[in-house]
Amino acid sequence: MVPEARRDKLLIQEVGDELVIYDRERHRAHRLNRTAALVWRHCDGRRTVADLAALLQSALHLPAPAEALVWLTLRRLQHFHLLQESGARPADIRGITRRQALRQLRAIGGLVALAPVITSIIAPTPTMAASCTPARFKADCVDECQAHADCGQLGFCGIVPCPDDPFHGHNVCISGCR
Amino acid sequence: MAVGARPEAELLLCCARTQVDSKIAERFEILLHEEIDWTYLIRIAGAHGMLPLVYWNLNAACPDAIATANLAQLRDHFCANAARNLFLADELLHLLDLLAANAIPALPFKGLVLAAAAYGNLALREFWDLDVLVSERDFLRAKDLFLVEGYRFLTPLTATQVTNWSRTQNAFSLVRGDDEVHVDLHCRITPRYLRHSLDLAYLKERLETVSLLGATVPSLPPEDLLVVLCIHGGKHAWTRLDWICGVAELIRRHPCMDWGKVFDQADRLHGRRMLALGLLLASNLLELSLPQEVMNRVQADFKAQTLAKRVRARLFQETDSQSAPEVVAAFLLRLQTLERLQDRMRYALHVLATPILATPSARDAAFFRLPPRLSYLYYLIRPIRLMRQYGLSLLRHLRT
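Treat the numbers as computed from the prediction; the structure is a model and nothing was measured.

The rules behind the values
Residue positions are given per chain, counted from 1 along the sequence in the order it is written. All chains are assigned letters beginning at A, and all ligands numbers beginning at 1, according to the order in which they are written. Per-residue local features are limited, in this predicted model, to residues with pLDDT of at least 70; the limit for side-chain atom pairs, both in listing and counting, is 80 or more; totals at the level of whole chains, interfaces and linings are taken over all residues. Only DSSP runs of H or I reaching four residues or more are called helices, and only runs of E reaching two or more are called strands; each is numbered from the N terminus. Remark: C-beta atoms are placed from the backbone, and a residue is labelled buried if 20 or more other C-beta atoms sit within 10 Å of its own, exposed if 12 or fewer do, or partly exposed between those counts. With C-beta atoms placed from the backbone, a contact is any residue pair whose C-beta atoms sit within 7 Å. Pairs of strands are assigned from DSSP output, requiring at least two bridges between the strands. Here an axis means a line fitted to C-alpha atoms, over the contact stretch when the element is a helix, while the angle between two N-to-C directions is reported on a 0 to 180 degree scale. The domain limits used here are those given by an automatic or database domain assignment. As a working rule, the residues Ala, Val, Leu, Ile, Met, Phe, Trp, Tyr, Cys and Pro are called nonpolar, Asp, Glu, Lys and Arg charged, and the rest polar, with Gly in that last group. Each nonpolar core reported here comprises buried Ala, Val, Leu, Ile, Met, Phe, Trp, Tyr and Cys residues connected via C-beta atoms within 7 Å. An angle below 35 degrees is read as roughly parallel, one above 145 as roughly antiparallel, one from 65 to 115 as roughly perpendicular, and any other as oblique. Should the near helix be turned counterclockwise from the far one by less than a right angle, the crossing is left-handed, whereas a clockwise turn marks it as right-handed. In this context, the arc is that of the directions from the helix axis out to the C-beta atoms.

**So, the overall build of chain A**
Tallying secondary structure elements over chain A gives five helices and seven strands in all. Per-residue burial over chain A gives 36% buried out of 178 residues. Counting contacts in chain A only where the partners sit at least 6 residues apart, residues at least 24 apart contribute 57% of the total.

**Overview of the overall build of chain B**
Per the secondary structure count, chain B includes 20 helices and seven strands. In terms of overall dimensions, chain B has a C-alpha envelope of 65 × 55 × 45 Å along the principal axes. Evaluated residue by residue, chain B yields a buried proportion of 40% over its 400 residues. Sequence-distant contacts in chain B: of pairs separated by 6 or more residues, those separated by 24 or more amount to 69%.

**Thoughts on the sheet that holds strand 3 (residues 151-153) of chain B**
Residues and elements named next belong to chain B. With mixed pairing, five strands are arranged side by side in an open sheet as 1-2-5-4-3. The open sheet has two edge strands, strand 1 (107-109) and strand 3, and neither has a second partner. Strand-to-strand, the axes of this sheet are offset by a mean angle of 35°, without reference to chain direction. With three bridges connecting them, strand 3 and strand 4 (residues 171-176) associate as antiparallel partners. In the strand pairing of strand 4, arginine 152 is matched with valine 175. Together, strand 1, strand 2 (129-133) and strand 5 (181-186) form the strand contacts of helix 5 (residues 68-101), whose direction differs from that of strand 2 by roughly 25°.

**Side note on the domain arrangement of chain B**
Residues and elements named next belong to chain B. Examined at the domain level, chain B breaks down into domain 1 (1-66), domain 2 (82-220), domain 3 (222-318) and domain 4 (324-399). Distance between the C-alpha centres of domain 1 and domain 3: 22 Å. In this assembly, 13 residues from domain 1 lie in contact with 11 residues from domain 3. Classifying every residue of the side of domain 1 that touches domain 3 gives nine nonpolar, three polar and one charged.

**Here's the deal with the nonpolar core**
Ranked by size, the top nonpolar core spans 137 residues in total, and within it A:Val70, B:Leu12, B:Val54, B:Ala83, B:Leu112, B:Val134 and B:Ile244 carry the most contacts. Counting residues per element, this core draws most heavily on helix 5 of chain B, which supplies 14 residues. The residues contacting B:Ile244, other than those within four sequence positions of it, are B:Gly233, B:Trp238, B:Leu281, B:Ala282, B:Leu285 and B:Leu286.

**Topic: the environment of A:Met1**
Residues and elements named next belong to chain A. Relative to the assigned elements, methionine 1 resides in the segment before strand 1 (10-15). Exposure remark for methionine 1: the 12 C-beta atoms within 10 Å place this residue in the exposed category. For methionine 1 and arginine 47, which are 46 residues apart along the polypeptide, the C-alpha to C-alpha distance reads 8.9 Å.

**Some remarks on unusual backbone geometry**
The phi dihedral of A:His61 is positive, around 60°, even though this residue is not glycine. You can see A:His61 is positioned in the loop between helix 2 (49-60) and helix 3 (67-79).

**What to know about the packing of helix 15 (residues 302-314) of chain B against helix 16 (residues 324-337) of chain B**
Residues and elements named next belong to chain B. Following both chains from N to C, one finds helix 15 and helix 16 inclined at 155°, their axes separated by 10 Å at the closest point. The angle between helix 15 and helix 16 falls in the class roughly antiparallel. The two elements helix 15 and helix 16 meet at a crossing, and its hand is left-handed. The segment helix 15 lies against helix 16, with Lys303, Leu307 and Arg310 engaging Leu333, Gln336 and Thr337. Residue classes in the contact of helix 15 with helix 16 are distributed as two nonpolar, two polar and two charged.

**Some thoughts on the environment of B:Phe367**
Residues and elements named next belong to chain B. In this structure, phenylalanine 367 sits in helix 19 (residues 362-367). Classification of phenylalanine 367 as partly exposed rests on a count of 17 C-beta atoms within 10 Å. For the pair phenylalanine 367 and isoleucine 384, spaced 17 residues apart in the sequence, the C-alpha separation amounts to 9.7 Å. Apart from the residues lying within four places of it in its own chain, the contact partners of phenylalanine 367 are Ile381 and Arg385.

**Concerning the pairing of strand 1 of chain A**
All names here are of chain A. Bridging between strand 1 and strand 2 (residues 18-23) involves six bridges; their strand directions are antiparallel. If you follow isoleucine 12 over to strand 2, its bridge partner there is isoleucine 21. Linking two consecutive strands that pair antiparallel, namely strand 1 and strand 2, is a turn of two residues; a positive phi of about 65° is found at glycine 16 within it.

**Some details on helix 12 (residues 259-268) of chain B**
Residue and element names in this part refer to chain B. Listed as buried for helix 12 are Val262, Gln265 and Ala266. Take helix 12 and look down its axis: the buried residues cluster within an arc of 100°, on one side only. Downstream of helix 12 by a residue or two, histidine 270 has a phi angle that is positive, lying close to 50°.

Dropping the structure here:
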C-alpha cells in the first residue's frame, strides 16, 4: 500500500523536528513527535511502507528497518485524519498494535523514545488556569487509553496546559467516539 | 540593556527578537554559563508574553546549554501556543468572511496581524484575543452578527448599557463558548480621549494587505501600525516586554519605513511623545538601530527620555499591578505621555466618568450600592471611591 498525507484544510507549524498541525475541518490541533512528523512528511502517495521504513532507519539511525513502527505511525495518523482517505486502507493498518511495534523496536535495538507520538492539543483558554492541577506536563496518559462506554472506541491522550502557568497541566483521555 | 539587570532579565532581553546575530549568540553562551534561576526566568518570560521567543531563540542558538527538562517544558508551551494561534487565525478568517458576507468592511489589527506583519511567524507571539475594526455605522450591526454567531458580552450589558457603551467606549469585548475565543470588536483604534481618531473611514484609503494562513487580509500600513503600537503601549504604561518587542520587530522587518509618514501620523494624533517613548524603549532595551535623524528627533524629547527611564526601571519589578501605588504610577505615566493639557484632561475625565455611562464598575457598586434609578449618582460615588483608594498614593507620587 502507498499512504498519502492529507494536506487540505490543515495548517502546519514546524517546531524543530516536530510538527503542530491544526485541522480546520475538525477544529483540533495535533502535535507530532519527530518519528510521526517524519512519516507524515514523507507520505507522498509514492513511497511504500518499505520505503518509509528505510527512511526512518536512516533518519533515526536504527540498525534495521522497522516496518512495524511505520504501520503504527500510519495507524495513529489515520486515527487523527491526517492521511488521505483514498490512501491507506484501514484493514492494512489495523493489524499492528503499539505493543507489537515497540517490541520490534526493542528487538532491533531502537530506543522506545523513538516511538511515534501524536498528541491532541487542547489549546489553553484564559480561564483554564482555575481548573489546572499542578500535574506534570508529561504524559501519565498513554496512547489508546480507555474505551469509551458509549461506542467502545479507544480514546487518545490530550494535554491541557495551564495558560497562566504553562509548565503545569493535566492529561486527559479524549473519547474516540465520533 | 537595563542597567543592573539580573542575568535572567538580560537573557530575556536577548531573546526578545526573531533574528539573533553573532553578538547576541555570544551573550547567550555567556549568560547560560551563569547561575540562571529557570523558575524566575520562566515566570518573567510568561508575564511578558515572551515564552515562545525564549524557546525559539535558545533552542536555535544553544540547546545543549539548557537542561533537557527546561527545554522540553519550553517546547511544550511553544507547541500549545502555536496550536492556539492557528486556531485563532482560523477563527479570525471566519469572522472576516462573516462580516464580508454581510457587506461590513473590517480591518483586523494587532495580535495575529502583527505577528504576520512583524514576526513572519504566528507561533512567535502570544495573544488571547482577536481585534477587529469596523466603522461606527456598522458597529452595532457587526456586534449583532457576532452574537448570532455564538458570542456573548464578556461583561453582561442591558440594551441601554449597550447603546451607552457604543457611544462612549471603543470596543465591545465578546467571548464565545467557555472562554474559547475573545474578540474585541472596535469602532476606532485610538482611545476616545485622543481627539482625532483612527477609524475605518479615515484608514480605508491607506490600507495594505498581509498574508494570513494563505489568505489575503487588509492591514494597516507599517507606518500607521507603528504609531498604533506606540499608542497602545503607552495606554498600558509599557508594562510588557512583548509590546516593546513588537515595535522593534516591525521596524526591523520594514527597513524602508517612511519616517515622514510616521511622524505625520503621530502629529495628527498628538502622539509624538508616545511614539518617542516607544522608539526609545525599543532602541535602549533591544538595541534597535534607528536612522540618525529619527534618533535625533526622539532624543530631543526630554520628557520621553525621563518616562523611558521610569519604564525601564519598573519593567522587571514583580509588583502587584492592582495595588494602589502601581495603579497610580501607571495612571500618571499614561497621563504624562499625553502632550497637550486638553488631552490629559479628557483622559482624566475618561477614567473618572465615562465607564459610568455604560455600567457602574463592580467596585463602585461594592463601595456604595445604589438602586438602578439612582445610578447617575455614581458620577459622584466613583471619584470619591477613587480618591479614597488611590489618593494617598497619588499624593506621595506628586511629592516625589
